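# Coordinates in review
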Amino acid sequence: MKSELIPPQQALPDSRGINLYEADPSFPALLALYLDAKLHRHLLPHLERMGVLAGDELDELAATADRNPPALHHRTRAGEERQWIERHPAYRRLEQVAFGDFGLAAMSHRAGVLGWPEPLPPAAKYALSYVYVQAEFGLCCPLSMTDSLTRTLRKYGDAALVARYLPGLTAQDLDALTQGSMFMTEQGAGSDVGGVVTRAVKDGEDWRLYGEKWFCSNTDAGLAMVLARPDGAPAGTKGLALFLLPRVLADGTPNSYRIVRLKDKLGTRDMPSGEILLEGARAFLVGDPARGFVQMTDMINMSRLSNGMRAAGMMRRALTEALFVARNRVAFGRQLIELPLMRRQLLKIMLAAEAARSVMLHTAYELHNADAGDDGARRRTRILTPLIKFRACRDARRATGDAMEVRGGCGYIEEWSDARLVRDAHLGSIWEGTSNVVALDVMRAIRREGALDALQPALEEMLPKDAFGETLRASVGRAVAFADEVANKREEIHSRQAATGLYYAVAAAVLASEGSRLAATGDARRLLLSALVLQHRLQPRDPLARASEDRFAAALLPEAAVPHEQVNQLLKK
Ligand SMILES: Cc1cc2nc3c(=O)[nH]c(=O)nc-3n(C[C@H](O)[C@H](O)[C@H](O)COP(=O)(O)OP(=O)(O)OC[C@H]3O[C@@H](n4cnc5c(N)ncnc54)[C@H](O)[C@@H]3O)c2cc1C
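What you are looking at is a predicted structure, and each value in this text was computed from that prediction instead of being measured.

### A few points about the overall build of the protein
Within the protein, the regular secondary structure consists of 18 helices and 11 strands. Dimensions along the principal axes, computed over C-alpha positions, put the protein at roughly 80 × 65 × 45 Å. By the burial criterion, 57% of the 573 residues in the protein qualify as buried. Sequence-distant contacts in the protein: of pairs separated by 6 or more residues, those separated by 24 or more amount to 72%. A total of about 23,700 Å² of accessible surface is found on the protein, and carbon and sulfur atoms cover 53% of it.

### Examining the nonpolar core
Counting residues in hydrophobic clusters, the biggest one holds 154 residues, and the most contacted among them are Leu58, Tyr132, Leu244, Ile383 and Leu502. The biggest single contributor to this core is helix H8 (residues 292-328), with 16 residues. Here Leu244 is in contact with Leu149, Leu153, Leu161, Tyr165, Leu223, Ala224, Met225, Ala283, Phe284 and Val286, once residues within four sequence places are set aside. Core analysis: the second largest hydrophobic core is formed by 19 residues, Leu209, Leu245, Tyr257 and Ile259 among them.

### Thoughts on the side chain of Ser495
Relative to the helices and strands, Ser495 is located in helix H15 (residues 495-519). What Ser495 contacts, discounting residues up to four positions off in sequence, is Ala439, Leu440, Met443 and Val486.

### Remarks on the confidence of the model for the protein
It should be kept in mind that the predicted coordinates are not to be read in detail where pLDDT is low. Mean pLDDT over the protein: 94, with 95% of residues reaching 70 or higher. Between residues 553-563, whose pLDDT stays under 50, and residues either more than four places distant or in other chains, the model counts 21 contacts.

### Notes on the site of the ligand
By nearness alone, 19 residues border the ligand, and Met182, Thr185, Ser191, Ser217 and Thr434 come closest of all. Within the side chain of Thr185, a nitrogen or oxygen atom sits 2.7 Å from a nitrogen atom of the ligand. Between the ligand and the protein, one listed contact pairs an oxygen atom with a side-chain N or O atom of Thr434 at 2.6 Å. For the ligand, whose free accessible area comes to 990 Å², the fraction covered by protein is 66%. When contributions to the shell around the ligand are tallied by element, the ones reaching two or more residues are strand S5 (206-217) and helix H12 (435-449).

### Overview of helix H2 (residues 37-55)
Because an α-helix completes one turn every 3.6 residues, residues spaced three or four positions apart along the sequence face the same direction. In this model H2 runs 27 Å from its N-terminal to its C-terminal C-alpha over 19 residues, within 8% of the 27 Å that 1.5 Å per residue would give. Considering bend angle alone, the principal kink of H2 is centred on Leu43 and spans about 35°; proline Pro45 follows within four residues of it. All of the buried residues along H2 are Leu39, His40, Leu43, His46, Leu47, Met50, Gly51, Leu53, Ala54 and Gly55. Buried positions along H2 lie against helix H1 (27-32), helix H3 (57-67), helix H4 (89-101) and helix H5 (122-132).

### Some remarks on the pairing of strand S9 (residues 273-285)
For a regular strand, side-chain orientation follows a simple rule: the groups alternate between the two sheet faces. Across 9 bridges, the pairing between S5 and S9 is antiparallel. Residue pairing across strands places Leu209 opposite Ala281, the latter belonging to S9. Where strand S7 (residues 241-246) and S9 come together, 2 bridges link them in antiparallel fashion. Bridge pairing in S9 links Leu244 to Phe284. In the sheet, strand S8 (residues 257-262) pairs with S9 via 5 bridges, with the strands oriented antiparallel. Counted as the bridge partner of Leu262 is Gly274 from S9.

### A few points about the environment of Arg75
Here Arg75 shows up in strand S1 (residues 71-75). Judged by its relative accessible area of 49%, Arg75 is partly exposed. In contact with Arg75, other than residues within four places in its own chain, are Glu80, Glu81, Arg82 and Trp84. Here Glu81 takes part through its side chain, which lies 2.7 Å from a polar atom of the side chain of Arg75.

Conventions and cut-offs
Residues numbered from 1 in each chain as written. Predicted model: local features only at pLDDT ≥ 70, side-chain atom pairs only at ≥ 80, totals over all residues. Heavy atoms only, no water. Helix = DSSP H or I, 4+ residues; strand = E, 2+ residues; numbered from the N terminus. Buried < 20%, exposed > 50% of the residue type's maximum accessible area, 1.4 Å probe, protein only. Contact = heavy atoms within 4.5 Å. Areas by Shrake-Rupley, 256 points an atom, 1.4 Å probe, with all protein chains shown as cover. Core = buried A, V, L, I, M, F, W, Y, C linked by side-chain atoms within 4.5 Å. pLDDT = per-residue confidence, 0-100. Near = heavy atom within 4 Å. Polar contact = N/O pair within 3.5 Å; in protein donor to acceptor, adjacent residues only side chain to side chain. Expected span 1.5 Å × (residues − 1). Bend = angle between axes of the 7 residues up to and from the residue. Pairing = 2+ DSSP bridges.

Structure representation (structure tokens):
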């Protein structure tokens, strides 16, 4: 019961229990652009169900699991040497929903998940995960690693290995499920993975691994992909081979590696990340031993794309919370959403969130085509993946922080979702490659894959055939030319600036394309967002210009190029 001392109109608005899918009214129509009509219809009730869960039960479970991190045990109570990681029941329930009920890790690899007769396309997986991650980020790491390990194993592993492990990796029954992980990083080999010193020693048909892995998320997963150097192999990434490491051997005994300790982390506190000592652990070689690192990049890139999706989802949650607060809290006799500076703040969060969502869905579309054998789509996916990983993860740090401020003092209090979002968002841009390293990878994609030759015409094809489209074309051209020059002249110092420009050029083009198609239904919001990306992220801007020339403030003025009613459209329910 609320205190009688507080008048109802002054009581704190509480968003617990809102449907996070329905709170995002443009999502169904947007998704319809990326899924065929039958699949779209089929998925809507599942998205609806995920929205209900994410806004209520999952959100509460995530908060509980976050307060009760996993614990590593080394011995049974009877003194038997046995290691296991104890997880809170709230985390187990989060696993049940993600791996079990929705089959998020299995749906790309087999038919029958969510009653669909074929494996589901990437856009479907990312759409559902995008709603799930709005409640829980930590578990999305094991989900993504299980999904991407399965993909890499199917691509490069020999048939017997695939046949042995595929059923467990794609199981939805948690008792039968085998989760995945990846152990690459060592103390002297993080960004510079070529420094890996873990040894791989041939032992009959098998291999044995010796070394120490310094960051191992989902530490006790049933299977891990591991990079190690066979004795006598060359230095650097060229000498790395890829191995599949089972936690338990065929005879049921534990494999020879030890979890030394778990990390005490800022975010993802409910998911274990540990240090592992490989003491002659048995492992299976995956694919060509001379191409271990190249093969591993498939898993890394899928994890990077998943990170981009998660950043987009976290920004959407931040935006939904900020809009909720702004619509339901009153200050100085007015609803917050009526206040000019608050509207400006909300639009900035929205811009980052919507740009990321469009790039995510577009990349999912390109990935689908790439997997079907389209080489242009493969080259585009190659560059879009580090682009979204780099920029969306950076933007999520800021957007979640800005949304925290919208809730005022309560935003800083752990009972609300804002603080957890901020903590988790900071991880996205560190793991799977820091921002510098991923921006350099964008440049590598340009140099080695000729990715811009595939990307630019595809972006231009998307632009509206009108004056706005022409303005966009000029900005896309500038962003591409700048990135090309930076990459080919190897001007490392400008790599982040060039990757940022390219990301927003992609976002503006995709938003314009979506907007043009949706405009036919009377919804001009994505065209407007495209215009704001163009003005605020791609065109020159004087930081000391008066408010009428400040793009966001200008968007709020009645006489501005972007009419007031259209901004109202963006902020309305
Ligand atoms: C919670 C958590 C979980 C993780 N889980 C896993 C896991 O499951 N498996 C796994 O293998 N790894 C995991 N990692 C490791 C993670 O991927 C690495 O920490 C990350 O890639 C950075 O490597 P590093 O820590 O060695 O930093 P370093 O490589 O030492 O980087 C330090 C700084 O140098 C910068 N830098 C490096 N190279 C360049 C360059 N060429 N130009 C400019 N700047 C540069 C980086 O941007 C960074 O700011 C995890 C990390 C964390 C925090």
